[in-house]
Amino acid sequence: MLIKPDGVERRLIGKVIERVEDAGFRIVAMHMEHLTRKKAEELYAPHRGKDFFEGLVEFMISGPVVGLILEKENAIEDLRRLVGKTDPARADVGTIRHDFGMSIRKNVVHASDSPENASREIKIFFEEKWTE
Ligand code: ATP
Ligand code: MG
């Protein structure tokens, strides 16, 4: 999971982490960093070429982000349910994006969408000791 620049800027780190821990996730590693353009482009490489890609990268480098490695049974699906739909206006009440998100771009958090992408993203964001 990544807490995006809007989440950090709006002082939502504590609230996001509280929801994640309350939902049964264990925090395995956590790291704050201001992404370089290269790293932001790598993280969102699957979206390269889409019309929102440039704006997404600009936003992701607009301030620091907090990355978390989380552990839980069924973690990917459960975290994405906790986070809610991409567009906060369409996300269910009680999800992180519904409750804190401002727009489809400023939607507070990123959650990996598959074990393969989680492992790819961890390699980009975290030190080697966290990669299998
Ligand atoms: P994330 O990958 O950040 O967890 P997601 O999986 O719900 O979000 P994706 O389709 O992977 O959604 O899009 C990645 C991110 O790109 C979104 O979280 C959002 O910030 C941005 N994004 C997606 N669609 C749009 C759009 N139409 N306009 C602007 N930004 C968008
Ligand atoms: Mg995604």
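That block above? That's the structure.
Residues numbered from 1 in each chain as written. Chains lettered and ligands numbered in written order. Predicted model: local features only at pLDDT ≥ 70, side-chain atom pairs only at ≥ 80, totals over all residues. Heavy atoms only, no water.

Student: Requested: an account of the overall build of the protein chain, with residues and values cited.
Tutor: For the protein chain, the count of helices and strands is seven helices and four strands. Along its sequence from the N terminus, the protein chain presents helices and strands in the succession β-α-α-β-α-α-β-α-α-β-α. The globule rule puts the C-alpha radius of gyration for 132 residues at 14 Å, and the 14 Å found for the protein chain is close to it. Projecting the C-alpha coordinates of the protein chain onto the three principal axes gives extents of approximately 35 × 35 × 25 Å. Among the 132 residues that make up the protein chain, the fraction classed as buried is 45%. Within the protein chain, counting contacts between residues at least 6 apart in sequence, those at least 24 apart form 70% of the total. Counting every atom, the protein chain has about 7600 Å² of accessible surface; 50% of that belongs to carbon and sulfur. Separation of charge centres in the protein chain, based on 22 positive and 24 negative side chains, amounts to 3 Å. (Helix = DSSP H or I, 4+ residues; strand = E, 2+ residues; numbered from the N terminus. Rg over C-alpha atoms; globule rule 2.2 N^0.38 Å. Buried < 20%, exposed > 50% of the residue type's maximum accessible area, 1.4 Å probe, protein only. Contact = heavy atoms within 4.5 Å. Areas by Shrake-Rupley, 256 points an atom, 1.4 Å probe, with all protein chains shown as cover. Lys, Arg positive; Asp, Glu negative; His and termini not counted. Charge placed at Lys NZ, Arg CZ, Asp CG, Glu CD.)

Student: Would you mind going over the site of ligand 1 in detail, with residue names and values included?
Tutor: Inspection of the region around ligand 1 gives 13 residues, with Lys4, Tyr44, His47, Thr86 and His110 positioned closest. One nitrogen or oxygen atom from the side chain of Lys4 is found 2.9 Å from an oxygen atom belonging to ligand 1. For ligand 1, an oxygen atom lies 2.6 Å from a polar atom in the side chain of Thr86. Within the complex, 80% of the 570 Å² of free accessible area of ligand 1 lies under protein. Looking at the shell around ligand 1 residue by residue, the class counts come to five nonpolar, four polar and four charged. (Near = heavy atom within 4 Å. Polar contact = N/O pair within 3.5 Å; in protein donor to acceptor, adjacent residues only side chain to side chain. Nonpolar A, V, L, I, M, F, W, Y, C, P; charged D, E, K, R; others polar.)

Student: Please set out the sheet that holds strand β1 (residues 2–3) residue by residue, giving values where relevant.
Tutor: Sheet architecture is open: four strands sit in the order β2-β3-β1-β4, paired in antiparallel fashion. For this open sheet the edge positions go to β2 (26–33) and β4 (109–110), each flanked by a neighbour on one side alone. Packed on one face of the sheet, helix α7 (residues 115–125) meets β1, β2, β3 (65–71) and β4 and runs near 135° to β3. (Pairing = 2+ DSSP bridges. Axes fitted to C-alpha atoms, helices over the stretch in contact; angles between N-to-C directions.)

Student: Summarise the packing of aromatic side chains; cite the residues concerned and give the values.
Tutor: Taken as a whole and judged by the stated rule, the model has one aromatic pair. Seen from their ring centres, Phe125 and Phe126 are 5.2 Å apart, and the 75° between their planes marks the pair as edge-to-face. You'll find Phe125 and Phe126 in the same group, each marked buried. Note that Lys72 overlies the ring of Phe25, its terminal NZ or CZ placed 5.6 Å from the centroid. (Phe/Tyr/Trp six-rings, centres within 6.5 Å; stacked < 30°, edge-to-face > 60°. Lys NZ or Arg CZ within 6 Å of the ring centre and 35° of its normal.)

Student: Just give me the short version of the pattern of salt bridges, but keep the residues and values in it.
Tutor: All told, the structure shown has ten salt bridges when counted by the stated rule. Linking Arg37 and Glu54 is a salt bridge whose minimum nitrogen-to-oxygen distance equals 3.8 Å. Of the two residues, Arg37 is situated in helix α3 (residues 37–43) and Glu54 in helix α4 (residues 53–60); the sequence distance between them amounts to 17 residues. Assessed through its relative accessible area of 43%, Glu54 is described here as partly exposed. Asp78 serves as the salt-bridge partner of Lys72, at 2.6 Å between the closest nitrogen and oxygen. The class for Asp78 is buried, based on a relative accessible area of 17%. Overlapping salt bridges, with partners in common, bring together Lys72, Glu77, Asp78 and Arg81 in one network. (Salt bridge = Lys/Arg side-chain N within 4 Å of Asp/Glu carboxyl O.)

Remember, this is a structural readout, not a statement about activity or role.
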